[in-house]
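Structural overview for review
In case you want the letters, here they are:
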Amino acid sequence: MTRRRVLAIGLDGFDVNLAEGYMAEGQMPALAALRNRAARFLLDEGPGPRRGLEWENVISGLSPEAEGHWGSVEFDPACYTAWKDGPHLEPWWTKTDLRVVVFDPPALDLCRAQNTDGIVAWGAHNPRTGRTARPAALLDEFVQRFGDYPAVEWIYGLPWPSAARCRLMGEGLSRALEVRGRAARWLAAERLPQWDLFFAVAGELHGGAEGLWHGVDAGHPLHTHPSAAAAGAAMLDIHRSLDSMVGQLVNAVRDATVIVFNMGGMGPNNCDVQSMVLLPELLYRHAFGRQLLTLPAAWTATPNRVPILDEPDSWDAAKEFWIPEPRSRTAATAENLRAVARRIPEPAKSLLKGVRSAATDWRSRNALPNRLVENLDYMPCYRYRNHWPRMPAFALPSFLDGRIRINLRGRERNGIVEMSQYEETCRTLETMLAECRDPRTGEPTVATIERASTANPKNLVGSESDLIVVWRDVAAALKHPRLGLIGPVPFRRTGGHTRHGIAYLAGPGLEPGERGVHSSSDVAPTIVQLLGAEPPIRLAGKTLLSAPVP
């Protein structure tokens, strides 16, 4: 195959319907021009949005089955703890002779990518790695030239209670895109110009769409809120800045074939409140017949209305009063360990110290320092964790669809559900969830419930759940005929993720025009073919270039 340079630009948080509406209005001229000369492929992420691993899948090129990795949140059944984990796999290009330069792709661990230069976790949304660079000296050079990321406070901003904060979020993310554009051009055309693949991802729209979606969606319950107009204007500003960044980067490397893409799309958030607050409380009441969640009487008195936070308030501050913080067991555990240690004979203590020293030395020599592990103490769902060992089923922390873990004997340390009762337990939970209604609309709160992909429940890995709850619509509360009203609580993020993405491909030999709908898993094989390379592993999906030209 003939080698070609490929410029791959990931637009994290890009929604094709919203953006192409702006293009039609003349607001995004650079991307409109690219669209007109590109082959246009609509992408379907399938169940990907409920896993939150779309960038890891592009980088590894593997399916969840091949990865053995079903989500970014890991659960340890031995101690009933959960955490958000870093990337597990090396990039698909690691075992090739390709020269790769990257700028801020999420879920890329440079320690696992030995033939890759560039910078990660400078300003990425959900990078799941620590900030680092290769060559190592590049990081200081980069920061001296461009500074630290200028919009840190808005990467995960929740500004909807305040019109002023919505405006500030738009200004901050737009300014960050201007800096990102200059930095990307410097890396690609000046500092590290010898590459076969330049892979850059801009995450500003991810944070912007999650925080400001109510400003562009006339059907959103908060679209009539006083902040909606400012949120809509901010979204337009971010899109304009993104358009300028893409246009200038494409023009800076005119000899490259271009793929501009996002694996999924954006829409109203129908997960945060349901998965983080309502579902864990529902399962708690199912287990114990009483409530743990305590909300202001003014909210519960009007269950058909969405509670509105005052302008100075924040969701993160408000949630601190809803669910009691679990009492720490750290001190008791430490004292128990000390008591055991006092009874160990001295020769055994010396042996254990030697083992511990050797283990520490091994970890220091084999550690992957760029992998980031994040605790989940800030999530309301995680405040139920001390009760999990005594519940037949509990809700795992989730940023997307609801995830239920059965407390299965022989799998969980304190499992109480026998394997012979597993199927009945699943059906009971499915029936209970189907009975829940949204007090605001009267409609069912659940769209579908899916079982785990692993056939034998005892073989579930830490990133899997027994049941996945796909929510029907935006909701602030649910009501069950036996367990009562849960909520309402204020919305957190107003925007969320959908399964519908886009890829624009432009370059020599690529005929422009529509190419239909394809799997998002086809992006990695397509980049391989555009490069004229041979994949070193069997990738999920197939190249988009195999699609027939109409």
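Just so it is clear, the model here is predicted, and its values are computed rather than measured.

**Details of the sheet that holds strand E15 (residues 467-471)**
One open sheet accounts for 4 strands, arranged E12-E13-E15-E14; its pairing is antiparallel. Single-partner strands in this sheet number two, and they are strand E12 (393-395) and strand E14 (446-451). Neighbour-to-neighbour, the strand axes of this sheet turn through a mean angle of 25°, independent of strand direction. When E12 meets strand E13 (residues 402-406), the two strands line up antiparallel, connected through 3 bridges. Its bridge partner lying in E13, Ala395 is registered against Ile404.

**Looking at the nonpolar core**
Among the nonpolar cores identified, the biggest contains 66 residues, and Phe14 and Phe103 are the most heavily contacted of them. Once you skip the residues sitting within four places of it in the chain, Phe14 turns out to touch Ala19, Met23, Met28, Leu31, Leu205, Leu242, Asn262, Gly264, Gly265, Ile502 and Tyr504. Judged by nonpolar contacts, the second largest core, of 61 residues, contains Leu158, Trp299, Leu309 and Val469.

**Points about the pattern of salt bridges**
Enumeration over the complete set of coordinates arrives at 33 salt bridges. One salt bridge in this structure joins Arg499 and Asp44, with 2.7 Å as the shortest N-O distance. Of the two residues, Arg499 is situated in the loop between strand E18 (495-498) and strand E19 (500-506) and Asp44 in strand E2 (residues 39-44); the sequence distance between them amounts to 455 residues. With a relative accessible area of 36%, Arg499 lands in the partly exposed category. When its relative accessible area of 24% is taken as the criterion, Asp44 is described as partly exposed. Taking the shortest distance from any N to any O, the salt bridge between Glu325 and Arg385 comes out at 3.9 Å. Separated by 60 residues along the polypeptide, Glu325 in the loop between helix H11 (315-318) and helix H12 (330-342) and Arg385 in the loop between strand E11 (374-375) and E12 bring together distant segments of the chain.

**Regarding the sheet that holds strand E4 (residues 81-84)**
The strand order across the open sheet formed by 3 strands is E3-E4-E11, and the pairing between neighbours is antiparallel. For this open sheet the edge positions go to strand E3 (73-76) and E11, each flanked by a neighbour on one side alone.

**Quick look at the pairing of strand E8 (residues 197-202)**
Residues in a regular strand project their side chains so that they alternate between the two faces of the sheet. With 6 of 6 residues buried, E8 is to be regarded as a mostly interior element. What you see with E8 is no split at all: Leu197, Phe199 and Val201 on one side and Phe198, Ala200 and Ala202 on the other are buried throughout. Where strand E1 (residues 6-11) lies against E8, 6 bridges are found, and the strand directions are parallel. The partner of Leu7 across the bridge, within E8, is Phe198. Bridge analysis of strand E5 (residues 100-103) against E8 gives 4 bridges, and the strand direction is parallel. Residue pairing in the sheet places Val102 in a bridge with Phe199 of E8.

**Considering empty space enclosed by the protein**
Following the criterion strictly, the structure yields 3 cavities of 30 Å³ or more and no others. Considering only enclosed or pocket space, the largest cavity measures out at about 70 Å³ in volume. Taken together, the elements giving at least two residues each to the lining of the largest cavity come down to helix H3 (54-60), strand E10 (265-268) and E18. Residues of the lining of the largest cavity, tallied by class, amount to 3 nonpolar, 6 polar and 3 charged.

**As for the packing of aromatic side chains**
The geometry of an aromatic ring pair is captured by two quantities: the separation of the ring centres and the angle between the planes. Scanning the entire structure with this criterion turns up 21 aromatic pairs. On the basis of an interplanar angle of 55° and a centroid distance of 5.7 Å, the ring pair of Phe75 and Phe394 is categorised as tilted. Pair noted here: Phe75 is in strand E3 and Phe394 is in strand E12, with a separation of 319 residues, a long-range link. On the basis of relative accessible area, Phe75 is assigned to the buried category, the value being 3%. One aromatic cluster in this structure is built from Phe103, Trp122, Phe142, Phe146, Tyr149 and Trp186.

**Let's talk about the side chain of His239**
On the secondary structure map, His239 appears in helix H8 (residues 228-252). For His239, a relative accessible area of 1% puts it in the buried group.

**Regarding the packing of helix H2 (residues 29-36) against H8**
Where H2 meets H8, the axes come as close as 7 Å, and the angle between the chain directions of the two elements is 55°. Viewed along their axes, H2 and H8 adopt a mutual orientation that is oblique. Contacts between H2 and H8 involve Pro29, Ala30 and Leu31 from the former and Asp243, Val246 and Gly247 from the latter. A breakdown of the residues in the contact of H2 with H8 according to their chemical character gives 4 nonpolar, 1 polar and 1 charged.

**Some details on H2**
Along H2, the residues that are buried comprise Leu31, Ala32 and Leu34. The buried residues of H2 occupy one face: seen down the axis, they fall within an arc of 160°. Along H2, exposed side chains directed more than 90 degrees from the buried face belong to Pro29 and Asn36. Next to the buried residues of H2 lie E1, helix H1 (16-24), H8, strand E9 (257-262) and E19.

**Comments concerning unusual backbone geometry**
Going from Arg134 to Pro135, the amide bond is cis rather than trans, its omega being -5°. Within the secondary structure, Pro135 is located in the loop between strand E7 (132-134) and helix H5 (137-146). The backbone phi angle of Ala107 is positive, close to 65°, even though this residue is not glycine. Relative to the assigned elements, Ala107 resides in the loop between E5 and strand E6 (116-120). A relative accessible area of 5% places Ala107 in the buried class. Although it is not a glycine, Arg128 adopts a positive phi angle of roughly 60°. Within the fold, Arg128 resides in the loop between E6 and E7.

**Digging into the confidence of the model for the protein chain**
Of the residues in the protein chain, 91% reach a pLDDT of 70 or more, and the chain-wide mean stands at 91. Per-residue pLDDT stays below 50 along residues 330-340; that stretch engages in 1 contact with residues further than four places along the chain or on separate chains. Between residues 355-369, whose pLDDT stays under 50, and residues either more than four places distant or in other chains, the model counts 4 contacts.

**A look at the environment of Leu34**
You can see Leu34 is positioned in helix H2. The exposure class assigned to Leu34 is buried, which follows from its relative accessible area of 5%. The spacing of Leu34 and Glu374 is 340 residues in sequence and 38 Å in space, taken between C-alpha atoms. Setting aside its immediate chain neighbours within four residues, Leu34 contacts Val260, Tyr504 and Ala506.

Analysis parameters
- Residues numbered from 1 in each chain as written.
- Predicted model: local features only at pLDDT ≥ 70, side-chain atom pairs only at ≥ 80, totals over all residues.
- Heavy atoms only, no water.
- Pairing = 2+ DSSP bridges.
- Helix = DSSP H or I, 4+ residues; strand = E, 2+ residues; numbered from the N terminus.
- Axes fitted to C-alpha atoms, helices over the stretch in contact; angles between N-to-C directions.
- Core = buried A, V, L, I, M, F, W, Y, C linked by side-chain atoms within 4.5 Å.
- Buried < 20%, exposed > 50% of the residue type's maximum accessible area, 1.4 Å probe, protein only.
- Contact = heavy atoms within 4.5 Å.
- Salt bridge = Lys/Arg side-chain N within 4 Å of Asp/Glu carboxyl O.
- 1 Å grid on protein atoms, 1.4 Å probe; cavity = no way out; pocket = protein on both sides within 12 Å on 5 of 7 lines; lining within 4 Å.
- Points joined across faces, edges and corners; volume = space filled by probe spheres on them.
- Nonpolar A, V, L, I, M, F, W, Y, C, P; charged D, E, K, R; others polar.
- Phe/Tyr/Trp six-rings, centres within 6.5 Å; stacked < 30°, edge-to-face > 60°.
- Parallel < 35°, antiparallel > 145°, perpendicular 65-115°, else oblique.
- Arc of directions from axis to C-beta.
- pLDDT = per-residue confidence, 0-100.

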